Amino acid sequence: MTKDDVKKVFKQTHERMNKVAQEFPWENKEAYLSWLAQTMEYVTYGTRILALTAGTFPLDQTPLTARFIQHATEEKGHEKLLINDAKALGMNIEKIAILPEAEAFHKSVYYWIYQHRPAVIMGWILFLEGFAIISGPGIHKRVEAAYGKKPTSFARVHTNEDPDHVDKAMDILDYFSAYELKDIIHGLELYSSLYTNILKAVPANLKKQSVAA
Ligand SMILES: [Fe+2]
């Protein structure tokens, strides 16, 4: 596996994700609120996951430890954006049901920490950063048109992130072995599938609720 293989899978993954993101009913308030709550599920644990991962690299991969620590500090407090976005729409985010798909998305990440395979978590990060940069602008445009600026701060902050975040993440790939690059690809593919499940489960569960009502 080479860096170019990772870049190729990254491109294919996010082309597919962009289509999945476009199909999500962003203008449906209940669906958007549920997405905020499902997002909150992994954002809350995100800084801890990054910090724990930082500690797993051996001494010859110290630049990776530094990268994960820095990333953890950058993500600090982002859950407050989600709480405030829901509040601006009159909803307490803690009252929204968390779907099993959202639990699986971040809780499975701990497995890679315990198995000492942090490269898969690098794939998780490349998935999330790529999604923010590639699918994020379209999502932000739609939710801001539907709800205004106040309830859409999380989408705004993550869309306006430096697009060179992904370039920087690609540069850091030089510190991974060929075997680990394979793990990164696995992470990208695995977490794009699990995130697709979240985006499909949100509207499916709203339908179920309305049928039950
Ligand atoms: Fe964030």
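Please refer to the structure higher up on the page.
So, how was this worked out
Residues numbered from 1 in each chain as written. Predicted model: local features only at pLDDT ≥ 70, side-chain atom pairs only at ≥ 80, totals over all residues. Helix = DSSP H or I, 4+ residues; strand = E, 2+ residues; numbered from the N terminus. Rg over C-alpha atoms; globule rule 2.2 N^0.38 Å. Core = buried A, V, L, I, M, F, W, Y, C linked by C-beta atoms within 7 Å. Buried ≥ 20, exposed ≤ 12 C-beta atoms within 10 Å, placed from the backbone. Axes fitted to C-alpha atoms, helices over the stretch in contact; angles between N-to-C directions. Parallel < 35°, antiparallel > 145°, perpendicular 65-115°, else oblique. Left-handed = near helix turned anticlockwise from the far one by under 90°. Contact = placed C-beta atoms within 7 Å. Nonpolar A, V, L, I, M, F, W, Y, C, P; charged D, E, K, R; others polar. Arc of directions from axis to C-beta.

**Observations regarding the overall build of the chain**
And then number 1: When you go through the chain residue by residue, the secondary structure sums to 10 helices and 0 strands.
And then number 2: Of the regular secondary structure in the chain, the N- to C-terminal order runs α-α-α-α-α-α-α-α-α-α.
And then number 3: Its C-alpha atoms give the chain a radius of gyration of 17 Å, near enough to 17 Å, the size a compact globule of 213 residues would have.
And then number 4: Expressed as lengths along the three principal axes of its C-alpha atoms, the size of the chain is roughly 55 × 30 × 30 Å.

**Considering the nonpolar core**
And then number 1: Core analysis: the biggest nonpolar cluster contains 48 residues, and Leu36, Ile121, Ile184 and Leu188 have the highest contact counts within it.
And then number 2: Per-element tally for this core: the top contributor is helix H7 (residues 118-147), with 12 residues.

**Quick look at unusual backbone geometry**
Apart from glycine, the bulk of residues carry a negative phi angle, and the bulk of peptide bonds sit in the trans form.
And then number 1: In this model, His116 sits at a positive phi of 55°, which is unusual for a non-glycine residue.
And then number 2: By the secondary structure assignment, His116 is in the loop between helix H6 (109-114) and H7.
And then number 3: What makes His116 exposed here is the crowd of 10 C-beta atoms within 10 Å.

**A closer look at the packing of helix H2 (residues 29-54) against helix H4 (residues 78-88)**
Working note: a packed helix pair is described by the angle between its axes plus the distance between those axes.
And then number 1: For the pair H2 and H4, the least separation of the axes is 9 Å and the interaxial angle reads 160°. The pairing of H2 with H4 is recorded here as roughly antiparallel in orientation. Between H2 and H4 the crossing geometry is left-handed. Counted together, Leu33, Leu36, Thr39, Met40, Val43 and Thr44 of H2 and His78, Glu79, Leu82, Asp85 and Ala86 of H4 form the full contact between these two elements.
And then number 2: Its residues assigned to classes, the contact of H2 with H4 comprises 6 nonpolar, 3 polar and 2 charged.

**Re H4**
And then number 1: All of the buried residues in H4 are Glu79, Leu81, Leu82, Asp85 and Ala86. The arc that holds every buried residue of H4, seen down its axis, measures 150°, which confines them to one face.
And then number 2: Its buried side turned inward, H4 meets H2 and helix H8 (153-159).

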